[in-house]
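Here is what each chain is made of, one letter per residue.
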Amino acid sequence: MKKTLLAGLGALLALSACNQKNETEEAHKQAIADASKVELQNAVADRDQLFLLVNEISQGMDQIKDLENILTVNANAGGETPSQREQIQADIASIQKALQERREKLAELEKKLNNSTLTNNNLRSTIATLRNQIDTQSNEIESLKTNLTAAKARIGELNTAVDSLNTTVTTVTAQKDEAEQQSVDLANELNTCFYAVGSKKELKDNEIIETGFLRKTKIMEGDFDRNFFTTADKRTLTTIPLHSDKAKVLTNQPESSYVIEDVDGQKVLRITNPASFWSLSNYLVVQIN
């Protein structure tokens, strides 16, 4: 009876130990399963972030291409405006900042994936490719900055050249205007003429003529009173009203170059050939009455 009791107790202990072992193994398996599930979830999340990073880097490449196109178009069009240049500089700075953030994010993902047992060669290859793309984009951005700086310097040179040309054009224009004015002044001077109409006494009193007993009337040479003369333009002077019923020309104008006509009972001198009329002198003296 005692032996039977001991045997039963032993069996019970053995069964209890066996059950405890099974429970421990099950708990261990469950812990492993839970850990693997968490790691798998983390790996999937990291993979999704990696794919998201792929899209961001692709968009970054598009942004860089857009900037390159803008710079190319502006270069062909003669350069960008100051506001466009400021916008391009701001865009470059924004892309540079984004590239640095992506580089840091990629390094963090790489570290996580390297510590995971679920990382495979495809993910490692993707990381390497993304790193190369980020480096390439960084180089292109630096190239864009260099091109923008060079374009700015070139624009400065062109502005200096334009200012110089403007100065030259202004100087030449001023010289041209001065020459034209001198030409006009000379033409006006060459075509300036003077005429005096007066009675014998008026002409003598103003020392334009001199007369004497039995002497022929003579035109004075020298400092006669020029205020008595009317200034006119040979190109436009065609008729001179004499306001008298008698008149004769005392200066040496060719007789074939003019006529003295009656108009409403008053004499009028009409120049028929201006070139010949003024060929010998720029002064005309007419005695009336």
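Parameters and conventions
Residues numbered from 1 in each chain as written. Predicted model: local features only at pLDDT ≥ 70, side-chain atom pairs only at ≥ 80, totals over all residues. Heavy atoms only, no water. Pairing = 2+ DSSP bridges. Helix = DSSP H or I, 4+ residues; strand = E, 2+ residues; numbered from the N terminus. Axes fitted to C-alpha atoms, helices over the stretch in contact; angles between N-to-C directions. Salt bridge = Lys/Arg side-chain N within 4 Å of Asp/Glu carboxyl O. Buried < 20%, exposed > 50% of the residue type's maximum accessible area, 1.4 Å probe, protein only. Core = buried A, V, L, I, M, F, W, Y, C linked by side-chain atoms within 4.5 Å. Contact = heavy atoms within 4.5 Å.

Enquirer: Would you take a moment to explain the sheet that holds strand β6 (residues 247–249) for this structure?
Expert: Pairing within the open sheet is mixed, and its four strands lie in the order β4-β1-β9-β6. The open sheet has two free edges, formed respectively by β4 (230–233) and β6, since each of these has just one partner strand. With direction set aside, neighbouring strand axes in the sheet form an average angle of 30°. Across four bridges, the pairing between strand β1 (residues 192–199) and β4 is antiparallel. By the bridge assignment for β4, Cys 193 is matched with Ala 232.

Enquirer: Help me understand the pattern of salt bridges in this model?
Expert: Should the charged atoms of two oppositely charged side chains come close, the side chains can pair. In total, this model carries six salt bridges according to the counting rule given. Of the charged contacts, one joins Asp 135 and Arg 103 as a salt bridge, the two residues approaching to 2.7 Å between their closest N and O atoms. With Asp 135 in helix α3 (residues 121–190) and Arg 103 in helix α2 (residues 82–114), this residue pair connects regions lying 32 residues apart in the sequence. Of the charged contacts, one joins Arg 270 and Glu 261 as a salt bridge, the two residues approaching to 2.8 Å between their closest N and O atoms. Overall, the relative accessible area of 29% leaves Glu 261 in the partly exposed class.

Enquirer: Sorry if this is basic, but what is going on with the pairing of strand β7 (residues 258–263) here?
Expert: Inspection of the sheet shows β7 paired to strand β8 (residues 266–271) by six bridges, in the antiparallel sense. Within β8, the position partnered with Ile 260 by the bridge is Leu 269. Taken together, β7 and the strand that follows it, β8, pair antiparallel across an intervening segment of two residues, in which Asp 264 is found at a positive phi of about 55°.

Enquirer: Looking at this structure, I do not really get the nonpolar core. What am I missing?
Expert: One recurring pattern in soluble globular proteins: nonpolar side chains tend to sit buried together. Leu 237, Ile 240, Leu 269, Phe 277, Trp 278, Leu 284 and Val 286 are the most contacted members of the largest nonpolar core, which has 15 residues in total. The set of elements that each furnish at least two residues to this core consists of β1, β8 and β9 (283–288). The leading source of residues in this core is β9, at three residues. In contact with Leu 237, other than residues within four places in its own chain, are Cys 193, Tyr 195, Ala 232, Ile 271 and Trp 278. In terms of nonpolar packing, the next biggest core, distinct from the first, is built from 14 residues, Ile 64, Ile 88, Leu 99 and Ile 127 among them.

Structural measurements only, silent on function.
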